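# Survey of secondary and tertiary structure
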Amino acid sequence: MSDATVAHSLEELERRLGGLSLRGQWQADANRPQNVRKGSNGAVHIEPIPAGRAHAWRWSDIVPILQYACKAMPESYTARRALILHNPGLPRGTTHTMLSSIQIVKPGEIAWAHRHTINALRFSIQGGPKTYTIVEGRKLSMEPYDLLLTPGWTWHDHHNDSDHDAIWLDGLDVPFTLALNQSFYDELGEIAQQPGPADSLGPLMFRPSPSQQGEAMRPLRYPWAETLRAIEARGGEPVDPLNGRMVEFINPRTGGSVLPTLRCRVQILPPGFEGRLQRHTSSTILFVISGEGSVRLDSGDIAWGKHDTFALPNWAQHRFVNASKREPAVLFTMDDSPILFAFGYYRSECETAP
Ligand code: GTQ
Ligand code: FE2
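Each chain carries its own residue numbering, running from 1 in the written order of its sequence. Think of it this way: whatever chain is written first is A, whatever ligand is written first is 1, and the rest follow in order. Only residues with pLDDT of at least 70 are given local features in this predicted model, and only at 80 or more are side-chain atom pairs given and counted; all residues enter the totals for whole chains, interfaces and linings. Excluded from the side-chain calculations are hydrogens and water; all other atoms, namely the structure's heavy atoms, are used.

### Section: the pattern of salt bridges
Condition: A carboxyl oxygen of Asp or Glu within 4 Å of a side-chain nitrogen of Lys or Arg is what we treat as a salt bridge. Helix numbering and strand numbering both begin at the N terminus, where a helix is a DSSP run of H or I of at least 4 residues and a strand a DSSP run of E of at least 2. Burial classes follow relative accessibility: with a 1.4 Å probe on protein chains only, a residue under 20% of its type's maximum area counts as buried, one over 50% as exposed, and anything between as partly exposed.
A complete count under the given rule lists 15 salt bridges for this structure. A salt bridge links Glu274 to Arg296, with the shortest nitrogen-to-oxygen separation between them at 3.2 Å. Remark: Arg296 occurs in strand β21 (residues 293-297) and Glu274 occurs in the loop between β18 (263-269) and β19 (278-280); sequence separation between them is 22 residues. Judged by its relative accessible area of 31%, Arg296 falls in the partly exposed class. Among the charged side chains, a salt-bridge network with shared partners connects Glu12, Arg15 and Arg16.

Below you can see the structure in the form of structure tokens.
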């Protein structure tokens, strides 16, 4: 049977392509979820559908299950007694690029030393001067709302020498790093590192005054007391109609984000704040330090209160609301915007002024 005698069908073409490990470009993304729009002239416009769901994890659910985990897993060990905040709309992770967990270390415990290419941070919730993490030999205490960094490939082990449970929020670029297939992991082979003297770097610099460039070592601990001072110093600045007030944690050596993949900020919504509708291509994980409010999305409102954590998918329209007319709401946020800025993908839109 020669080709000249058979009708040339698209179906037959695709069958033959398959046998040759080829695919037509028209077949490539046919089943991919995406938002396709046609303009008045028939031209096609495509944009992402937000990856995963907006979801909140309640502190009131987390605390009892952490206590249960302590009974069910009597030792923390190297794998960590950490509960992943698993987005119900994703195969893995809290957003499609980031993963957060809530971790508990009991009095007297050590979470064993290891390192990984995955970048990680911790935002302390319950802790004190006798709760600490050792990062590359630097002993960093974990007091409430301190931010601690373990940049990719730095050794780290966590210690709780106090007589209270230590609890913190972990943030990592796990889904991003796995998507690139760049995950390496080592155990030290000893339970803990030998710590040097307590961390003793100079004062931190926050935007808008980045300097300290060229410093031999960068800060890996951002104490809450200093963060509060930075927030207070900027209290007189105008309130952004989208996000309230934002203070970014900066790597003083670069003037950029604290980790190559993750940006960390504190967001303050003044009393009665009702933000403009906005969306951006970055995804965000938010932890409520204090206050009560909601984020309003097309899919409904998500209310949040003290110590809740919630995930905001990329490109989801949202609006921040502080439910209180008297108290500000204070949030710790991490987002994946450094990845997007690095490759020119970052975009944002907002409602124009009324
Ligand atoms: O504490 O080093 O939630 O390596 C996930 C992976 C915490 C940690 C997590 C980790 C850690
Ligand atoms: Fe780790």
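### Some points on the packing of aromatic side chains
Stated formally: Working definition: rings of Phe, Tyr and Trp (its six-membered ring) pair if their centres are within 6.5 Å, and the pair is stacked with planes under 30 degrees apart, edge-to-face with planes over 60 apart, and tilted otherwise. Only Lys NZ and Arg CZ are tested; either one counts as a charge over a ring when it is within 6 Å of the ring centre and within 35 degrees of the ring normal.
Scanning all chains against the criterion turns up eight aromatic pairs. Taken together, a centroid distance of 4.1 Å and an interplanar angle of 10 degrees make the contact between Phe123 and Phe332 stacked. Placement of the pair is Phe123 in strand β7 (residues 120-126) and Phe332 in strand β25 (residues 329-335), with a sequence separation of 209 residues. Note on accessibility: Phe123 and Phe332 belong to one class, buried. Pairwise contacts between aromatic rings join Phe123, Tyr145, Tyr222, Trp224, Phe249, Phe287 and Phe332 into one cluster. Sitting over the ring of Tyr132, Lys139 keeps its end group 4.3 Å from the ring centre.

### As for the confidence of the model for the chain
The condition is simple: Per-residue confidence from the prediction method is given by pLDDT, with values spanning 0 to 100. In this analysis, two residues are considered to be in contact whenever any of their non-hydrogen atoms come within 4.5 Å of each other.
Considering every residue of the chain, the mean pLDDT works out to 91; 93% of them sit at 70 or more. Low confidence marks residues 201-216, where pLDDT is under 50. Its contacts with residues over four positions away, or in another chain, come to 39 contacts.

### A closer look at helix α2 (residues 59-72)
Counted only if it meets this: Any helix carries an expected span of 1.5 Å times its number of residues minus one. Working note: the arc is built from the helix axis to C-beta atom directions.
Relative to the 20 Å expected for 14 residues at 1.5 Å per residue, α2 spans 20 Å between its end C-alpha atoms, a close match to the ideal helical length. Buried residues of α2: Trp59, Ile62, Leu66, Ala69 and Cys70, and no others. The arc enclosing the buried residues of α2, seen along the axis, measures out at 100 degrees, which places them on a common side. Among the exposed residues of α2, those oriented more than 90 degrees off its buried face are Ser60, Asp61, Tyr68, Lys71 and Ala72. Of the surrounding elements, those touching the buried residues of α2 are β3 (55-57), β4 (82-84), β5 (99-105), β7 and β12 (166-172).

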